[in-house]
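Observations on the three-dimensional arrangement
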Amino acid sequence: MPDSVASTVAHIRNELQKVIVGQDDAIEQILIALLAEGHALIEGVPGTAKTLTVKTLARIINATFSRIQFTPDLMPSDITGTNVFNIANSNFNLRRGPIFTDILLADEINRTPPKTQAALLEAMEERQVTIDGDAYQLSPVFTVLATENPIEYEGTYPLPEAQLDRFLLKIILSYPSEEHEREVLARWDAGFNAKRLDQVDIQPLPEPDTLLRCRVAVARARMEPGVQHYAVDLVRRTRIHPFIYYGASPRASVALLLCSKALAAIRDRDFVTPDDVRDVAAPVLRHRLTLRAEAELDGVTPDTVVSDILKAAEVPR
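Residues numbered from 1 in each chain as written. Predicted model: local features only at pLDDT ≥ 70, side-chain atom pairs only at ≥ 80, totals over all residues. Heavy atoms only, no water.

**Observations regarding the overall build of the chain**
Defined as follows: Secondary structure elements are taken from DSSP: a helix is a run of H or I of four residues or more, a strand is a run of E of two residues or more, and numbering for both begins at the N terminus. Only protein chains enter the accessibility calculation, which uses a 1.4 Å probe. A residue is then buried if its area is under 20% of the maximum for its type, exposed if over 50%, and partly exposed in between. Each accessible area is a Shrake-Rupley estimate made with a 1.4 Å probe; only the visible protein chains count as cover when residues are assessed. The charged-residue count follows a simple rule in which Lys and Arg add positive charge and Asp and Glu add negative charge, with His and chain termini not counted at all. Just so you know, the charge point we use is NZ for Lys, CZ for Arg, CG for Asp and CD for Glu.
A count of helical and extended segments in the chain gives 14 helices and eleven strands. Dimensions of the chain along its principal axes, counting C-alpha atoms only, are 70 × 45 × 40 Å. Taking all 317 residues of the chain together, the buried fraction comes to 50%. For the chain, the exposed surface amounts to about 15800 Å²; the carbon and sulfur share of it is 51%. In the chain, the 34 positive side-chain charges and the 44 negative ones have mean positions that sit 2 Å from each other.

**Here's the deal with a nonpolar patch on the surface**
Definition in use: A patch is a set of surface residues, each over 30% in relative accessible area and not in a salt bridge, joined within 9 Å for like charges and within 5 Å for the nonpolar side chains Val, Leu, Ile, Met, Phe, Trp and Tyr. Salt bridges are counted wherever a side-chain nitrogen of Lys or Arg sits within 4 Å of a carboxyl oxygen of Asp or Glu.
A contiguous nonpolar patch, built from F85, I87 and F92 and spanning about 390 Å² of accessible area, is present on the exposed surface. Tracing the backbone through its elements, the reader meets F85 in strand β3 (residues 81-86). A relative accessible area of 44% places F85 in the partly exposed class.

**Here we look at the sheet that holds strand β2 (residues 65-69)**
Convention followed: Two strands are said to pair when DSSP picks up at least two bridges between them. Orientation is described by lines fitted to C-alpha atoms, with helices fitted over the stretch in contact, and by angles between N-to-C directions that extend from 0 to 180 degrees. Contact criterion: two residues are considered in contact whenever any of their non-hydrogen atoms come within 4.5 Å of each other.
Strand order in the open sheet made by the five strands is β2-β5-β8-β1-β9, with parallel pairing throughout. Strands at the two margins of the open sheet, each flanked by one partner only, are β2 and β9 (169-172). Taking each pair of neighbouring strands and ignoring which way they run, the sheet shows an average axis angle of 20°. Alignment of β2 against strand β5 (residues 103-107), held across five bridges, turns out to be parallel. Each residue of the ladder has a partner; that of I68, found in β5, is A106. The strands touched by helix α2 (residues 24-35) within the sheet are β1 (40-43), β5, β8 (143-148) and β9, with β9 carrying the most contacts at an inclination of about 160°.

**Structural notes on the packing of aromatic side chains**
Threshold: Paired rings are identified among Phe, Tyr and Trp, the last through its six-membered ring, by centres lying within 6.5 Å, and are further divided according to the angle between planes into stacked (under 30 degrees), edge-to-face (over 60) and tilted (the rest).
In this structure the tally under the stated criterion is two aromatic pairs. Measuring from ring centre to ring centre gives 6.4 Å for F100 and Y136, while their planes differ by 80°; the resulting arrangement is edge-to-face. In this pair, F100 sits in the loop between β4 (91-96) and β5 while Y136 sits in strand β7 (residues 134-137), placing the two residues 36 residues apart along the sequence. Accessibility assignment for this pair places F100 and Y136 in one class, buried. For the ring pair W188 and F192, a centre distance of 5.7 Å and an interplane angle of 90° mean the geometry is edge-to-face. For W188, a relative accessible area of 40% corresponds to the partly exposed category. Its relative accessible area of 15% is what places F192 among the buried residues.

**Description of helix α3 (residues 50-60)**
α3 sits mainly inside the fold: eight of its eleven residues count as buried. Within the sequence span of α3, burial applies to K50, L52, T53, V54, T56, L57, A58 and I60. Positive backbone phi, approximately 60°, marks N62, located one or two places after α3.

**Let's talk about helix α12 (residues 274-285)**
What counts is decided by this rule: Take the residue count of a helix, subtract one, and multiply by 1.5 Å to get its expected span.
Spanning twelve residues, α12 covers 16 Å between terminal C-alpha atoms, matching the ideal 16 Å at 1.5 Å per step. Along α12, the positions that sit buried rather than exposed are P274, D276, V277, V280, A281, P283, V284 and L285. Where α12 is buried, its residues touch α2, β9, α10 (225-238), α11 (250-266) and α14 (302-312).

**Here we look at unusual backbone geometry**
Among all residues except glycine, the phi angle is most often negative; among peptide bonds, the trans geometry is most common. At E37, a residue that is not glycine, the phi angle is positive and equals roughly 60°. Position of E37 among the secondary structure elements: in the loop between α2 and β1. Phi at R127 is positive, roughly 55°, even though this residue is not glycine. Tracing the sequence through the fold places R127 in the loop between α6 (121-126) and β6 (128-131).

**Topic: the environment of S139**
Formally: Distance and chemistry together define a polar contact, namely a pair of N or O atoms within 3.5 Å, with one atom able to donate a hydrogen and the other to accept it when in protein, and with adjacent residues in sequence counting only for side-chain atoms on both sides.
By the element assignment, S139 lies in the loop between β7 and β8. In this structure S139 comes out as buried when scored by relative accessible area, which is 19%. In this structure, the C-alpha to C-alpha distance between S139 and T64, residues 75 residues apart in sequence, is 9.6 Å. When neighbours within four sequence positions are excluded, S139 is seen to be in contact with T101, D102 and R127. Among the polar contacts made by the side chain of S139, one reaches the side chain of D102 at a distance of 2.5 Å.

In structure tokens:
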């Protein structure tokens, strides 16, 4: 894999570490989504630096950033924008919404009704929005990083399966280790303030199109037929697992391919190994599986099922 991909990822990680302590797995998975031209759903309790991570990442990659706080009264036009009549020239002018950006943080996306959630579907799938019958192209870097709270369900609207499937990955942001939490306190005691990122010496990528060039390099990575069959086998096993009511679609197979290529690039290779596929299987599949009611009552989770499938599937040599 050309040095540009590996060195770019190393630079982003180094700069993120000036602000974010730990969360290495989550950061890697967010970078996978960016390199694979996908979107990510980030799940974590409040205070685990979800918003801070996304804001810092946008600064590092020279991307524009918008944040939408999803609420029950949010309207689709609050996201996409609307045409406003200009009395001076008797024309309608487009007042662009926050979706016209590079990195969009959809904060607590499950707090808004399905009608408003659906305003993101076209943008996520086609990188365009339609307003009053006219289509508008979004940035080629456009990426939705949505967050949701896993422990608070009152006043929320579960994301429909169609929208969940549009997210390339579902990333779990867990509590930091004791060592990392101590480091967080030490940094704040030394003067760090997350509300003043402009005071942190963050070095952005030297060229604005670096990410786009990295995506081209990632797309050129190879996945041999044996590894392709392994990825398909993992997805197809979700459809016959006894704990699963509704398994993953062929879109999940494509997601495994794209994410495995991105992970291979991060690991400085231009070919995918079975280990790459295994390491992205959980974040790719966990939000695409619908458990049977009896399995949920027994405490089974999608990650449990993915782990079972990985143990049962034959790994190509």
